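# Descriptive analysis of the structure
Spelled out, the chains give:
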Amino acid sequence: MTAATPKGASRGALRILHLFPRLLGLNGESGNVEILRLRSERRGLPVEVLSYDGPDDAAVRARFDDADLVFIGSGPVSAELIAHPLVTAVAGDLRALAADGRPFLAVGAGFQLLGQTVTLESGEVLEGASLFPVATRHGGTRVVGDFVLDSPRIGPIVGFENRGSFVDVGPHGTLGRVVYGRGNSETPGEEGFWEDNLLGTHMHGPLLANNPALADSLLDTARLRRGLEYTDPAPESLRLVDESARQSRATIAAAPLSE
Amino acid sequence: MTARTTAAVLVGRAVRVAARLRGGGSAIPGNIALRIDPDFLERTIAAIPDGVVAVSGSNGKSTTTNMLAAIIRAHGLKVFTNPSGGNLPQGIASALLSEVSLGGRLDADIAILEVDEGYGTRLAELLKPKTVLLLNIQIDQLNRYHEPDRVAAMLARVAATSTEGLILNREDNFLVDLDTRIPAYSGRAVSFFGGVPELVEPAGHGVASADRFGDVGAKPGSRPAAVEVVALTGNRATLAIEPDTRIEVKLPSRGLHYALDAAGAAATARSVLGDRFRPELVSQALDSLATVYGRGELLVVDGEQIEIIMMKNPASLQLNLDSLESAPEQVFLAVDEGTPDPSWIWDIDFSALDHVDGITGSKAWQFATRFGYLDIPVGSVDLDVRAALKAFLALPKPATGHKVMILNYEQMMGIRKILGFKELEGGGAA
Ligand SMILES: [Zn+2]
């Protein structure tokens with residue numbers, strides 16, 4: 001699953017750790033990693049993607065501390081249950097990366113497992129990796145449909161929501177206020193968690209495709225920590241995709257639909 | 001009870017005519033008939049002498065049901081089947097309405113029914129299939145059923161209702177050992193279909209089966225197949241049928257998935273017919289089948305051929321893209337709300353395309369974004385379907401002789417209508 005990377009490129013390259021791409025990545029979510037890589041590479045900063053699916057990937061496990069940015073995606077409950085012990089096994093290292101300011105993007109089940117607890121429909125409680133100070137409760141009606149947020153940091157954020165759970169984020173900062181869709185709680189209010197270098201959400205799928213400002217924010221946090229520069233900060237090829245993304249956001253926000 | 005059945009049939013038929021005139025609502029008459037006489041479907045089906053064969057799975061249900069019905073008919077049986085897509089209880093009741101006598105009797109030896117996997121459990125209780133054919137479990141059902149595991153559990157319940165035959169795709173992660181995960185039933189014969197590894201492995205995206213997590217039992221491909229695809233050239237496949245027959249068959253279009261559908265249909269006919277099964281009739285039946293509506297179909301518009309690729313879900317789109325012989329010279333794409341969340345286009349390998357001429361439908365910009373990151377040039381994006389279509393048709397005639405349109409189901413229906421193709425089946429220009 002590791003994207004092709006030229007061998008000697010790692011020295012000046014930005015390194016993205018993609019956690020459990022096989023288990024957690026049901027909804028085209030590896031697209032997020034591809035978008036992060038391409039947005040950096042088109043600006044002249046090479047990227048190395050490290051994919052970690054479990055203890056078999058010992059070589060990647062040994063390089064966790066090289067990660068400049070970490071992505072973990074969503075998946076069905078069956079995959080979440082299998083991922084749980086695998087996440088627990090690396091929880092200490094992940095907490096260290098988070099405490100060191102490396103940006104994390106965590107979606108759906110991945111977000112839940114990096115939180116404090118996940119209460120299943122059976123009542124059973126899974127201990128999370130405790131990077132995010134949030135608690136998840138499975139159950140209630142599933143919401144499936146377009147998802148529109150307003151973020152104080154970057155403006156409108158648009159995507160798709162497909163979840164059967166609630167997240168308690170306490171008094172913490174969120175990704176944005178829900179304009180259309182459900183969000184963290186039973187009554188629409190706020191969505192996800194976003195404080196400092198930690199971003200968690202149930203906006204599933206390739207959320208960075210419609211929202212390139214989020215991708216750039218994560219990349220900036222990652223590369224500035226390492227002092228890495230873009231050689232061409234605003235290439236024409238990104239201007240074109242950003243215009244398509246703007247049109248996508250406008251189309252969805254103008255007539256959002258749910259199941 | 002007979003009076004009630006007659007009333008149900010009559011009212012249902014009247015509504016059916018009315019619905020036809022208004023141009024839609026094919027499930028409505030069945031719905032009304034079921035309301036007047038709730039047992040109508042169950043009772044009529046139960047009276048069919050050779051019983052019911054249920055065909056289910058994520059992809060290829062219509063194609064395979066069509067193939068199987070043709071094969072069984074070629075053996076001389078009278079077949080009742082539901083039209084493509086009419087695979088919910090109301091749809092099946094609607095199909096029955098057009099064929100039963102006023103007393104509710106059906107002149108058929110056997111029913112071959114495409115069954116929606118979401119309604120599979122309920123339909124299986126109602127239809128009591130003697131034989132069940134399961135094709136595949138793919139991730140397309142995300143928005144409807146959310147998880148492949150849940151679809152797998154639903155199909156396992158359908159499989160468990162089979163009393164005489166269970167036919168499974170051994171290349172599917174979930175189906176390869178489904179027989180070992182359902183309660184045994186004495187007298188149930190389990191058989192498999194598949195393809196030789198040389199065909200299945202290099203298919204790039206294989207047969208695009210959903211990933212399975214947890215209790216992984218048998219490896220895909222590991223069960224002996226009653227019918228195996230052993231060669232594939234264009235739209236012709238060679239099937240090896242146990243014990244020792246090889247036949248060549250014509251497929252509706254290029255693509256390994258069609259060859260596997262044909263193998264599934266042949267394996268099911270073999271299971272249902274037993275000693276009466278004659279392999280050569282499989283070739284004869286499939287040769288005579290018309291191109292399946294909406295998949296690899298060629299429309300002729302103003303003397304130009306337009307190949308339609310239906311974008312039903314990730315798996316079917318990937319297989320159809322993979323089966324393109326070269327990058328199409330002119331490509332048009334239309335996707336609307338019928339595909340609520342096109343997130344999965346990030347899992348699709350679009351390298352079969354080197355450019356796209358035009359994109360329309362409310363999801364157009366999401367595709368344009370994806371193509372932008374892939375460096376696949378896009379000619380124009382216009383959310384006005386008629387205008388976009390007009391611009392595409394106005395392009396000079398391609399040297400290859402045909403244009404390609406990649407459409408979701410809703411856009412396919414709409415665009416056929418705009419182009420003047422009125423009838424669902426057949427496909428002749430108006
Ligand atoms: Zn806080």
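These numbers were taken from a predicted model, which means no experiment stands behind them.

### Considerations on the packing of helix α4 (residues 61-74) of chain B against helix α10 (residues 256-273) of chain B
Residue and element names in this part refer to chain B. Direction vectors running N to C along α4 and α10 enclose 40°, while the axes themselves pass 9 Å from each other. Relative to α10, the element α4 lies oblique. At the point where α4 passes α10, the crossing takes the right-handed sense. Residues Thr63, Thr64, Met67, Leu68, Ile71 and Ile72 of α4 pack against Tyr258, Asp261, Ala262, Ala265, Ala266, Thr268, Ala269, Val272 and Leu273 of α10. Across the contact of α4 with α10, the residue classes break down as 11 nonpolar, 3 polar and 1 charged.

### Some points on the UniProt feature "binding site: substrate" (unreviewed entry) in chain A
Residues and elements named next belong to chain A. Residues annotated in UniProt with the feature "binding site: substrate" (unreviewed entry) correspond here to Arg142. Among the structural elements, Arg142 can be located in strand β7 (residues 135-151). Under the relative-accessibility criterion, Arg142 is labelled partly exposed at 31%. A distance of 2.7 Å separates a polar atom in the side chain of Arg142 from a polar atom in the side chain of Asn162.

### Remarks on the interface of chain A and chain B
The interface of chain A with chain B comprises 39 residues on the first partner and 31 residues on the second. Overall, the association of chain A and chain B removes approximately 2800 Å² of surface from exposure, summing both partners, and the carbon and sulfur fraction of that is 56%. The closest approach of N and O atoms between B:Arg370 and A:Glu34, which form a salt bridge, is 3.5 Å. On inspection of chain A and its partner chain B, the count reaches 10 residue pairs in polar contact (both at pLDDT 80 or more). Mapped by element, the contributors of at least two residues to the side of chain A that touches chain B are α1 (30-41), α3 (77-99), β7, β8 (155-168), α5 (207-210) and α7 (236-254) of chain A.

### Observations concerning unusual backbone geometry
Note that the residue after B:Glu242, namely B:Pro243, is joined by a cis bond; omega there is 0°. Looking at the element boundaries, B:Pro243 is found in the loop between β8 (236-241) and β9 (245-250). Even without being a glycine, A:Asp196 presents a positive backbone phi close to 50°. Tracing the chain through its elements places A:Asp196 in the loop between β11 (193-195) and β12 (198-201). The backbone of B:Asp375 sits at a positive phi, close to 60°, despite the residue not being glycine. Mapped onto the elements, B:Asp375 comes out in the loop between α13 (364-374) and β14 (378-381).

### Comments concerning the pattern of salt bridges
Applying the stated criterion across every chain yields a total of 29 salt bridges over all chains. Across the salt bridge formed by B:Arg181 and B:Asp177, the nearest N and O atoms sit 3.0 Å from each other. On the accessibility criterion, B:Arg181 (35% relative accessible area) is partly exposed. When its relative accessible area of 5% is taken as the criterion, B:Asp177 is described as buried. Residues joined by salt bridges that share partners form a network here, namely A:Asp65, A:Asp68, A:Asp100, A:Arg102, A:Arg225 and A:Arg226.

What counts as what
Residues numbered from 1 in each chain as written. Chains lettered and ligands numbered in written order. Predicted model: local features only at pLDDT ≥ 70, side-chain atom pairs only at ≥ 80, totals over all residues. Heavy atoms only, no water. Axes fitted to C-alpha atoms, helices over the stretch in contact; angles between N-to-C directions. Helix = DSSP H or I, 4+ residues; strand = E, 2+ residues; numbered from the N terminus. Parallel < 35°, antiparallel > 145°, perpendicular 65-115°, else oblique. Left-handed = near helix turned anticlockwise from the far one by under 90°. Contact = heavy atoms within 4.5 Å. Nonpolar A, V, L, I, M, F, W, Y, C, P; charged D, E, K, R; others polar. UniProt positions renumbered as here; feature names shortened; annotations may be inferred. Buried < 20%, exposed > 50% of the residue type's maximum accessible area, 1.4 Å probe, protein only. Polar contact = N/O pair within 3.5 Å; in protein donor to acceptor, adjacent residues only side chain to side chain. Buried area = accessible area lost by both parts, 1.4 Å probe. Salt bridge = Lys/Arg side-chain N within 4 Å of Asp/Glu carboxyl O.

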